[in-house]
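Structure assessment
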Amino acid sequence: MGDFAEGRLLDHIGRIYDCVLFPDQWKPTIAAIQDDFGWHNAVLGVYSFVNNGTQFQVTLGIPEEYAGIVGDPGYVPDVFALWGGMERIDAAPLEEPVLQSQMGNPGTWKDNRYFRIFAIPQGIIDSVSIGLERDTSMIATLSGGRHASRGPFTERELVGLRLMAPHLRRAVKIASLFDSLQAQKQMFSATLETSRAGIILVDQHLTILHANTHARQMLERGIPIRAVHDRLTLREELSQSALAAAVSAELGQPVQRGAGIPTRRGDGSFLTVYTFPLKSVEIRKHVGMRAAAAVVLAATPVPFEVNSVALALMYNLTPAETRMVILSSEGLSMAAMAERLGIAVSTVKTHVLRVYEKTGTHRQAELASLLHSISSPW
């Protein structure tokens, strides 16, 4: 990452969460990431199937004469081909930065129409992309192009992006639950009340400071959340522990990841619990200085793979690490996992070694046994 230090990474993470409630900050935030990571251009795109259109998009560093090419659906097949095809794109794990040069075949790029008229004239030699969301409600990605003058992407840059990715993913997911136009036009409290999700503001001990209408209805029913001595409580012990750990991490260790926490309504349908820090003084002026985090409950579009989710919660696995566990349980070698996901074998090895360390296992058979031994906590 060049001279990119951890302090700068924490600055980016803080700004990313500010964007949840102040959408006009997305552009300067992505611009700062683009500058620090040495990208020639950057595109953050969030496409909503619910609203049948682009929810928001930030495009930086693309000259006007090339802007039309980026948005032209006629070039989509060419773009997919550069990344190895749709099957490989779908297989790429969320939150994992992947390189176009590893996903696709650079030897064929000179014959690719999009590469010839977009990348070559601008001096772009490679691109990095992070899948932030890919489900039945939305697709979200952050991508950056590399100019020849900067040389290839480095592993240190990918490590920095890997640390930042879960926070960016969570912020984008939570932001999608708000109406961006309302968030820009209304006061903070009004935005909370008009949100389609249940939102609860808590202090560092999970004491409830404010709940919007949807969240109050859930609290009154006691499903899936309850107020026990004014403290926010989830029904499942495993989920409650994950929630407490998430809020604690927001306060003391902001580089740690914070995945969605699964819970269920009384009818059995799934909800996902997201948290994000309220560190900005500007935000806390609206909600009170005791507020440490916002807890957001939103409908989950597809059922969880409960065993893998439980494993992730119990051992603090990232989505990429959880994917390695699942593939490992299928008996795939590291080389086969790399081929399936379109990433380097060295990246797979790094993830697998971290999984072994976190789970206290040493080989694939032990990992598969551990996965199957975890029964649903619901």
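So, here's what we can say about the structure. The structure displayed is predicted, hence computed values, not measured ones.

**Here's the deal with the pattern of salt bridges**
The full count for this structure, using the stated rule, is nine salt bridges. A salt bridge links Arg162 to Glu96; its shortest N-O distance comes to 2.9 Å. On the criterion of sequence distance, the pair formed by Arg162 in helix α8 (residues 155–175) and Glu96 in the loop between α5 (86–91) and β3 (98–99) is long-range, its members being 66 residues apart. The pair Arg162 / Glu96 is uniform in exposure class, with both members buried. With a shortest N-O distance of 2.9 Å, Glu321 and Lys358 are connected by a salt bridge. Here Lys358 lies in helix α17 (residues 345–359) and Glu321 lies in helix α15 (residues 319–329), a separation of 37 residues in the sequence. Through salt bridges with shared partners, a single network forms among Glu95, Glu133 and Arg169.

**Here's the deal with the packing of aromatic side chains**
Here the structure, examined in full by the defined rule, presents six aromatic pairs. Relative to Trp39, the ring of Phe37 lies with its centre 6.3 Å away and its plane at 40 degrees, an arrangement referred to as tilted. For Phe37, a relative accessible area of 1% gives the class buried. Trp39 gets classed as buried once you look at its relative accessible area, which sits at 7%. Ring geometry for Trp109 against Phe115: centres 5.1 Å apart, planes inclined by 45 degrees, an arrangement best described as tilted. Neither residue differs from the other here; Trp109 and Phe115 are each classed as buried.

**Remarks on the pairing of strand β7 (residues 208–211)**
Of the pairings in the sheet, the one linking strand β6 (residues 198–202) to β7 comprises three bridges and is antiparallel in character. Along β7, the bridge assignment pairs Val202 with Ile208. Linkage of β6 to β7, two consecutive antiparallel strands, is achieved through a turn of five residues, within which Leu206 is found at a positive phi near 70 degrees.

**Notes on the sheet that holds strand β10 (residues 261–264)**
Pairing between the strands of a sheet comes from backbone hydrogen bonds, and it takes one of two forms, parallel or antiparallel. Taking strand neighbours across the sheet as the criterion, the five strands line up as β7-β6-β12-β11-β10 in an open arrangement whose pairing is antiparallel. Each edge of the open sheet is held by one strand with a lone partner, namely β7 and β10. Strand-to-strand, the axes of this sheet are offset by a mean angle of 25 degrees, without reference to chain direction. With five bridges joining them, β6 and strand β12 (residues 293–299) adopt antiparallel strand pairing. Note on β12: the bridge partner recorded for Leu201 is Ala294. Where α8 meets the sheet, its contacts fall on β11 (270–277) and β12, and the angle it forms with β11 comes to roughly 115 degrees.

**Structural notes on the environment of Ile62**
Mapped onto the secondary structure, Ile62 falls in the loop between β2 (53–60) and α3 (64–70). The residues touching Ile62, leaving out its near neighbours within four places in the chain, are Asn41, Val43, Ala67, Val70 and Phe118.

So, how was this worked out
- Within any chain, residue numbers begin from 1 and follow the written order of that chain's sequence.
- Only residues with pLDDT of at least 70 get local features here, since the model is predicted, and only at 80 or more are side-chain atom pairs given and counted; chain-wide, interface and lining totals rely on the full set of residues.
- Hydrogens and water are ignored here; the side-chain numbers use all heavy atoms of the structure.
- The salt bridge criterion pairs a side-chain nitrogen of Lys or Arg with a carboxyl oxygen of Asp or Glu, the two atoms within 4 Å.
- In this description a helix means any DSSP run of H or I spanning at least four residues, a strand means any run of E spanning at least two, and both kinds are numbered starting from the N terminus.
- The buried label goes to any residue with under 20% of its type's maximum accessible area, the exposed label to any with over 50%, and the partly exposed label to all in between, with areas taken from a 1.4 Å probe on protein chains only.
- Within 6.5 Å between ring centres, the rings of Phe, Tyr and Trp (the latter by its six-membered ring) count as paired, and their orientation is classed by plane angle as stacked under 30 degrees, edge-to-face over 60, tilted in between.
- Pairing between two strands requires that DSSP report at least two bridges joining them.
- Think of each axis as a best-fit line through the C-alpha atoms, taken over the contacting stretch in the case of a helix, with angles from 0 to 180 degrees between the N-to-C directions.
- Residue contacts follow a heavy-atom distance rule, with two residues in contact if any of their heavy atoms lie within 4.5 Å.

In short, the description is geometric, and any link to function would need to be established separately.
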